[in-house]
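Coordinates in review
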Amino acid sequence: MVKVVLKDGVNWVGVVDWNLRDFHGYSTKRGSSYNAYLIMDEKTALVDTVKHKFGNELVQHISELTSMEKLDYIIVNHVEMDHSSSLPMIAKLAKNAKILADQRGKDALIKHYGSDFNRVEVVKTGDEVKLGKKTLRFLEAPMLHWPDSMFTYLVEDKILMCNDAFGQHLASAGRFDDEVDNHVLMEEAIKYYANILMPFAPLITKKIQEVVQLGIPIDMIAPSHGIIWHKNPSQIINAYLDWSAGKSENKIVIVLDTMWGSTDKMARHIVDGIKSQGVEVKLLKLRASDNSEAVTEIVDAKVVLVGSPTINNQMFPTLGSFLTYVTGLKPRGKLWGFFGSYGWGGGAVRGMIEMAKKAGFEVQEPGLEVKYVPDEEDIKKCFGFGQQIAQKIKA
Ligand code: FEO
């Protein structure tokens, strides 16, 4: 492997998963990486491991720099299996290494991989491990992404190894922010935030404030997925502050599905009504776009309009899936509106409104319903629906 050096004695030894296209339902069209870092001083520490199927590649990368027997520490920043599932194999090979995790990490490792992990030594916020000239300091970061999540800060080199936080599912030959297209990088960073971390937005804001208050200087942010922020770490910190604060644009997103084209036709006239007010609008049809793409678009939108035809007195199944997904991700500060076509009894719009209200979303009522196929009168109503909601956010 071509060496990837963050700072003298600090190497990336992770793997690039070029072919990953589905990360538990999140579409990862640009692949991903599982980043692990090797810190070599008088003592040697490995921060994080990788997904099981890439364990041998991780061993190969470490072995090009040192031997597995020489590892003194393995730090487990997060137990989710994309990072830990090669750990049982790595721990066997690194037989002299102490394994460090926080208490929740230790508990989760035992639940995942059995009693061998009773050997894990527990660290907590503020604890330090001296490697020689270099020092590891730990900062617990529960729910960023799981209860066990933890950051490891390399004090003298000012590198924050923050696992899932600030990551992106992005496979690339370059490992640093100035080696990839910035537009692509930020597209993947917001998609990652939307699909992985958005439910924990208040905790993100608090954690960033905590780091600022601790006065920790940061030269590099080294997450466990995607590229390392070394040229401009403040770009991703500021973006996270905006996203987690729910900062939004004058933008409306329409997410819909359609059976015979009526709900789609409604959506297109709603788009015209919005456009007539000079407000940005994006339309995504489910089955052409997936849930993970749709939630990415709504992070910085003020309004989300959701359209569904009625099928058997229910919303269309793709909308059921979308609303289940998006309510779990808890986007904050959006106004939600609902529309759709029906043939006789209806039910989709009513069902979607109920679901949104139950999730605590702010809902614009009433929704807009059209029987069978929109006629001229209905088309005017759709245009007016779009116009009215656009005026509301412009005010
Ligand atoms: Fe990348 Fe929460 O795992």
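Quick summary incoming for the structure in this document. (Residues numbered from 1 in each chain as written. Predicted model: local features only at pLDDT ≥ 70, side-chain atom pairs only at ≥ 80, totals over all residues. Heavy atoms only, no water.)

A word on the overall build of the protein
If you tally the helices and strands in the protein, you get 12 helices and 24 strands. If you line up the protein on its principal axes, its C-alpha atoms span 80 × 40 × 35 Å. Evaluated residue by residue, the protein yields a buried proportion of 58% over its 395 residues. Considering only residue pairs separated by 6 or more positions, the protein has 72% of its internal contacts joining residues 24 or more positions apart. Carbon together with sulfur atoms contributes 52% to the accessible area of the protein, which is approximately 16,500 Å² in total. (Helix = DSSP H or I, 4+ residues; strand = E, 2+ residues; numbered from the N terminus. Buried < 20%, exposed > 50% of the residue type's maximum accessible area, 1.4 Å probe, protein only. Contact = heavy atoms within 4.5 Å. Areas by Shrake-Rupley, 256 points an atom, 1.4 Å probe, with all protein chains shown as cover.)

Considerations on the layout of surface pockets
Put simply, the largest pocket is a space of about 340 Å³. Together, 19 residues line the largest pocket, and M259, T310, Y342, G343 and W344 are the ones closest to its centre. Contributing elements (two or more residues each) for the lining of the largest pocket: α8 (262-275), β20 (310-311) and β22 (335-342). Its boundaries defined by the atoms lining it, the second largest pocket holds a volume of some 260 Å³. Residue lining of the second largest pocket: K29, R30, E187, E188, I190, K191, K251, E293, T296, E297 and D300, and that is the complete set. Only α5 (182-197) and α9 (291-298) provide two or more residues apiece to the lining of the second largest pocket. Examining the composition of the lining of the second largest pocket, we find that four residues originate from one element, α5, more than from any other. Looking at the lining of the second largest pocket residue by residue, the classes come out as one nonpolar, one polar and nine charged. (1 Å grid on protein atoms, 1.4 Å probe; cavity = no way out; pocket = protein on both sides within 12 Å on 5 of 7 lines; lining within 4 Å. Points joined across faces, edges and corners; volume = space filled by probe spheres on them. Nonpolar A, V, L, I, M, F, W, Y, C, P; charged D, E, K, R; others polar.)

Focus on empty space enclosed by the protein
Counted by the stated rule, this structure contains one cavity of 30 Å³ or more. Within this model, the largest cavity holds a volume of roughly 70 Å³. Around the largest cavity sit Y193, M198, A201, W243, S244, G246, V299, K330, P331, R332 and K334, which together line it. Here the residues of the lining of the largest cavity sort into six nonpolar, two polar and three charged.

Topic: the side chain of K251
With respect to the helices and strands, K251 occurs in strand β17 (residues 251-256). A polar side-chain atom of K251 sits 2.9 Å from a polar atom in the side chain of E297. When neighbours within four sequence positions are excluded, K251 is seen to be in contact with V279, E280, E297, D300, A301, K302, V303 and I393. (Polar contact = N/O pair within 3.5 Å; in protein donor to acceptor, adjacent residues only side chain to side chain.)

Describing the nonpolar core
Burial of nonpolar side chains together is a common tendency in soluble globular proteins. Ranked by size, the top nonpolar core spans 92 residues in total, and within it Y240, W243, F322 and F338 carry the most contacts. With nine residues, α5 is the largest single contributor of residues to this core. Setting aside residues no more than four positions away along its own chain, Y240 makes contact with A165, F166, G167, Y192, Y193, L197, I204 and I208. In this structure, I39, Y73, L136 and A171 belong to the second largest nonpolar core, which totals 26 residues. (Core = buried A, V, L, I, M, F, W, Y, C linked by side-chain atoms within 4.5 Å.)

Some points on the pattern of salt bridges
Applying the stated rule across the entire model yields 21 salt bridges. Across the salt bridge formed by D219 and K7, the nearest N and O atoms sit 2.7 Å from each other. Remark: K7 occurs in strand β1 (residues 5-7) and D219 occurs in the loop between α6 (201-214) and β16 (220-223); sequence separation between them is 212 residues. A cluster of three or more residues bridged by salt bridges with shared partners is formed by K251, K282, E297 and D300. (Salt bridge = Lys/Arg side-chain N within 4 Å of Asp/Glu carboxyl O.)

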